[in-house]
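# Coordinate analysis (summary)
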Amino acid sequence: MTTVAVVGGGVIGLSIAWRAARSGYVVTVHDPDPGSGASWVAGGMLAPLSEGWPGEGHVLELGAASLQRWPEFAALLRSGTGIDLVTSTASMTVALDAADAADLRTVAEWVQAQGHEMRVLSRAEVRDLEPSLGPRIRLGLLASAELSVDNRALVVALRRAAVDAGVRFSEAPVADLADLDADRVVLAAGSASSRLWPALPVRPVKGEILRLRMRPGATPLPERTIRGNVHGRPAYLVPRRDGLVVGATQYEAADTQVTVAGVRDLIADAEALLPAIGEYELHEASAGLRPMTPDNLPLIGRLSERVIAATGHGRNGVLLTPLTVDAVLAELSEDPLSEVKHASPQRFTEVVAQ
Ligand code: GLY
């Protein structure tokens with residue numbers, strides 16, 4: 001039987017391990033603390049259409065292909081674990097000034113031209129759907145196909161499903177992929193991936209988020225994910241059953257300390273979108289490291305005959321999980337998935353030369 005070592009136990013690595021074990025591989029996940037990195041901090045917003053931008057066609061294509069797989073992926077996990085992951089359907093992006101409104105119209109036209117549904121909403125329509133949003137909002141975009149999922153419930157469900165499928169876990173740190181006793185290695189170590197494969201162009205990009213909790217008598221939470229540009233910064237509010245995730249700062253940094261400035265900006269930006277934010281409990285502030293690549297596309301595919309990359313998912317790790325899993329399983333059975341051809345690590349010529 002083919003043995004597979006999955007290096008990295010975030011949502012990408014755990015999902016690959018779970019599904020590979022179900023397909024008959026003998027799988028070990030190598031991670032000192034599975035699920036504790038970027039997967040634990042994520043917002044869980046599955047918003048490839050709302051984040052679409054003209055010229056980033058491959059990013060949209062990959063995101064949309066993965067979003068389409070999410071309902072079946074979530075249903076399979078729920079049937080095995082009883083854990084429900086979806087916390088909201090649809091997302092709304094709002095404009096606070098004329099320049100943002102013009103940008104949103106550009107995005108809507110482009111996304112529609114790529115064959116996806118996205119509706120432009122008037123100020124009154126925005127207020128009608130989400131009455132708690134602020135008075136400065138001029139225009140909205142509604143992406144009805146988008147979802148949000150609870151990233152922490154996802155980690156818990158995947159760990160349980162992986163154990164049930166027979167996946168083994170090793171907490172010993174991996175210093176060199178050559179030390180792993182396995183027929184195939186899947187490198188899913190997020191922002192740490194380039195430590196194990198130095199030519200991989202993956203760099204950490206720090207992001208801070210807040211977790212807010214509902215309080216008795218507080219203004220009802222938005223039903224949908226709400227996104228907007230505030231003070232030139234992208235801000236989002238992602239519903240949870242009992243609160244909201246507010247995100248996210250973005251810095252070229254590799255530490256996970258939460259800064260005062262980060263918390264201040266997140267609160268100020270969230271308040272511009274949702275003035276009632278001050279009524280909720282500030283439950284947690286945390287930071288994680290996004291594994292970014294130079295072209296914002298992930299790295300999914302062969303690095304060598306033995307090693308497959310499943311990393312570099314940047315801001316979209318949770319979104320791209322189901323597609324990445326299908327692609328890695330296809331690689332393991334030597335039948336590559338054409339949907340991920342633009343994510344091949346071989347687009348960076350230095351990568352495969354090890
Ligand atoms: N997934 C959204 C972010 O990285 O901020």
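Quick caveat, the model's predicted, so the values are computed rather than measured.

## Comments concerning the site of the ligand
The environment of the ligand is made up of Tyr-236, Ala-248, Arg-290 and Arg-315. Tyr-236 is positioned with one of its side-chain polar atoms (N or O) 2.6 Å from an oxygen atom of the ligand. Between the ligand and the protein, one listed contact pairs a nitrogen atom with a backbone N or O atom of Arg-315 at 2.7 Å. Tallied by class, residues from the shell around the ligand come to two nonpolar, no polar and two charged.

## Remarks on the nonpolar core
Counting 51 residues, the largest nonpolar core has Val-6, Val-27, Trp-70, Leu-77, Leu-85 and Leu-154 as the members making the most contacts within it. Contributions of two or more residues to this core are made by β1 (3-7), α1 (11-22), β2 (26-30), α3 (57-81), β6 (139-149), α6 (151-164), β15 (307-311) and α9 (317-332). Per-element accounting of this core gives the leading share, nine residues, to α9. Residues in contact with Leu-77, not counting those within four places in the same chain, are Trp-18, Gly-82, Leu-85, Leu-154, Ala-157, Leu-158 and Ala-161. Counting residues in hydrophobic clusters, the runner-up holds 26 residues, among them Leu-142, Leu-212, Ile-226 and Ala-235.

## Some thoughts on the environment of Leu-221
Tracing the backbone through its elements, the reader meets Leu-221 in the loop between β9 (203-213) and β10 (225-230). For the pair Leu-221 and Leu-141, spaced 80 residues apart in sequence, the C-alpha to C-alpha distance is 19 Å. Those residues in contact with Leu-221 that lie beyond four places of it in its chain are Met-214, Arg-240, Asp-242, Gly-243, Leu-244 and Tyr-280.

## Some details on the sheet that holds β2
Read across the sheet, six strands follow the order β7-β2-β1-β8-β15-β14 without closing on themselves; strand pairing throughout is mixed. The sheet is open, and its two borders are formed by β7 (168-170) and β14 (299-302), each paired with just one other strand. Adjacent strand axes in the sheet meet at a mean angle of 20 degrees when their direction is disregarded. α1 rests against β1, β2, β7, β8 (184-187) and β15 of the sheet, and its axis sits at about 165 degrees to β2.

## With respect to the layout of surface pockets
A volume near 810 Å³ is recorded for the second largest pocket. Looking at the lining of the second largest pocket, the elements that each hand over two or more residues are α3, β4 (86-95), α4 (98-113), β10, β11 (233-240) and α9. Considering only residue class, the lining of the second largest pocket consists of 18 nonpolar, twelve polar and six charged.

## Description of α1
For α1, with twelve residues, the first-to-last C-alpha span of 16 Å sits near the 16 Å given by 1.5 Å per residue. In terms of residue burial, α1 counts as a mostly covered element, since eleven of its twelve residues are buried. Within α1 the residues assigned to the buried category are Val-11, Ile-12, Gly-13, Leu-14, Ser-15, Ile-16, Ala-17, Trp-18, Arg-19, Ala-20 and Ala-21.

## Some details on empty space enclosed by the protein
Scanning the model with the defined rule gives one cavity of 30 Å³ or more in all. Considered as a void within the structure, the largest cavity measures approximately 60 Å³ in volume. Arg-233, Pro-234, Ala-235, Val-246, Gly-247, Ala-248, Thr-249, Asp-265, Leu-266, Asp-269 and Ala-270 are the residues that line the largest cavity. Among the elements that make up the lining of the largest cavity, the one with the highest residue count is helix α8 (residues 260-273) (four residues). Considering only residue class, the lining of the largest cavity consists of six nonpolar, two polar and three charged.

## Observations regarding the packing of α3 against α9
Running from N to C, α3 and α9 cross one another at 85 degrees; their axes reach a closest spacing of 7 Å. The angle between the axes of α3 and α9 places the two elements in the roughly perpendicular class. Residues Leu-62, Gly-63, Ala-65, Ser-66, Leu-67, Arg-69, Trp-70 and Phe-73 of α3 touch α9, and the partners they reach there are Val-318, Leu-319, Leu-320, Thr-321, Pro-322, Leu-323 and Asp-326. Split by residue class, the contact of α3 with α9 holds ten nonpolar, three polar and two charged.

## Notes on the pattern of salt bridges
Pairs can form between side chains of opposite charge whenever their charged atoms are close. Counting across every chain of the model gives 20 salt bridges. Among the ionic pairs, Arg-152 bridges to Glu-284, the shortest N-O distance being 2.7 Å. Linking Arg-152 in helix α6 with Glu-284 in strand β13 (residues 281-292), this pair joins segments that are 132 residues apart in sequence. Overall, Arg-152 belongs to the buried group, its relative accessible area being 15%.

## A closer look at the packing of aromatic side chains
If you walk through the whole model with that rule in mind, you get two aromatic pairs. When the centroid spacing of 5.7 Å and the interplanar angle of 75 degrees are considered together, the rings of Trp-18 and Phe-73 count as edge-to-face. Here Phe-73 lies in helix α3 and Trp-18 lies in helix α1, a separation of 55 residues in the sequence. Each member of the pair, Trp-18 as well as Phe-73, is classed as buried. Ring centres 5.0 Å apart and planes at 75 degrees place the aromatic pair Trp-70 and Phe-73 in the edge-to-face group. Taken as a pair, Trp-70 and Phe-73 lie in helix α3 at a separation of three residues, close to a single helical turn. Judged by its relative accessible area of 0%, Trp-70 is buried. Taking relative accessible area as the criterion, Phe-73 reaches 5% and is therefore assigned buried. Three or more aromatic residues joined by ring pairs make a cluster, and in this case those are Trp-18, Trp-70 and Phe-73.

Conventions used here
- Residues numbered from 1 in each chain as written.
- Predicted model: local features only at pLDDT ≥ 70, side-chain atom pairs only at ≥ 80, totals over all residues.
- Heavy atoms only, no water.
- Near = heavy atom within 4 Å.
- Polar contact = N/O pair within 3.5 Å; in protein donor to acceptor, adjacent residues only side chain to side chain.
- Nonpolar A, V, L, I, M, F, W, Y, C, P; charged D, E, K, R; others polar.
- Core = buried A, V, L, I, M, F, W, Y, C linked by side-chain atoms within 4.5 Å.
- Buried < 20%, exposed > 50% of the residue type's maximum accessible area, 1.4 Å probe, protein only.
- Helix = DSSP H or I, 4+ residues; strand = E, 2+ residues; numbered from the N terminus.
- Contact = heavy atoms within 4.5 Å.
- Pairing = 2+ DSSP bridges.
- Axes fitted to C-alpha atoms, helices over the stretch in contact; angles between N-to-C directions.
- 1 Å grid on protein atoms, 1.4 Å probe; cavity = no way out; pocket = protein on both sides within 12 Å on 5 of 7 lines; lining within 4 Å.
- Points joined across faces, edges and corners; volume = space filled by probe spheres on them.
- Expected span 1.5 Å × (residues − 1).
- Parallel < 35°, antiparallel > 145°, perpendicular 65-115°, else oblique.
- Salt bridge = Lys/Arg side-chain N within 4 Å of Asp/Glu carboxyl O.
- Phe/Tyr/Trp six-rings, centres within 6.5 Å; stacked < 30°, edge-to-face > 60°.

Shape descriptors only; they carry no functional weight alone.
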